[in-house]
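Geometric and topological summary
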Amino acid sequence: FHTIQSVTTSSHTAFIHDVFFPLFIVGTLCRNDKERQSELETIFLQSISATGFWCNHTALQMLRLLWKSDQSEHETWIQFARRNEATIGQFVIF
C-alpha cells in the first residue's frame, strides 16, 4: 500500500496507469478497515481521473459492495464477485 501511495502522490505520474490492479487487491484485503478503504477510494478516483480509465470505476464499485457486505471472511473476492455478478456486472481492471 505504501508503494502505491508513493507512486500516486509523486509528481511523476508515469506509472499511475499501473496502480489499478494493486489498488484493487489491497482493497480486497481491507474489508474491516474503514480508514484504509477511504484512502484507497480516494487514490482509485484520482488515478481514474488522471488516466481517463473510467472502465476501472466498475472495479471500485465492486470494492464498495464488498466492503459493505456481511460476507464471510473466508469468501474470496472472486467468489464474492461471481455470487454478485447480477449486481456488479462484469469488469476488467486495466
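For the structure, see preceding data.
Read on for an overview of the structure. (Residues numbered from 1 in each chain as written. Predicted model: local features only at pLDDT ≥ 70, side-chain atom pairs only at ≥ 80, totals over all residues. Heavy atoms only, no water.)

The helix and strand inventory of the protein stands at six helices and zero strands. Beginning at the N terminus, the succession of helices and strands in the protein can be written as α-α-α-α-α-α. Looking at the protein as a whole, 35% of its 94 residues are labelled buried. A separation threshold of at least 6 residues defines the contact pool for the protein, and within that pool the share at least 24 residues apart is 58%. Surface exposure of the protein reaches about 5800 Å², of which carbon and sulfur atoms provide 55%. (Helix = DSSP H or I, 4+ residues; strand = E, 2+ residues; numbered from the N terminus. Buried < 20%, exposed > 50% of the residue type's maximum accessible area, 1.4 Å probe, protein only. Contact = heavy atoms within 4.5 Å. Areas by Shrake-Rupley, 256 points an atom, 1.4 Å probe, with all protein chains shown as cover.)

What follows concerns the nonpolar core. Across soluble globular proteins, nonpolar side chains show a tendency to be buried alongside one another. Leu23, Phe24, Leu40, Phe44, Met62 and Leu63 are the most contacted members of the largest nonpolar core, which has 20 residues in total. Secondary structure elements with two or more residues in this core: helix 2 (20-28), helix 3 (34-51) and helix 4 (57-68). Discounting residues that sit within four places of it in the chain, Met62 has contacts with Phe24, Trp77, Phe80, Ile88 and Phe91. (Core = buried A, V, L, I, M, F, W, Y, C linked by side-chain atoms within 4.5 Å.)

What follows is about the environment of Phe44. In this structure, Phe44 sits in helix 3. Residues Phe44 and His57 lie 13 residues apart in sequence; the distance between their C-alpha atoms is 8.3 Å. Excluding its chain neighbours within four sequence positions, the residues that come into contact with Phe44 are Phe20, Leu23, Phe24, Asn56, Ala59, Leu60 and Leu63.

Scope: geometric values only; no functional claims are made or implied.
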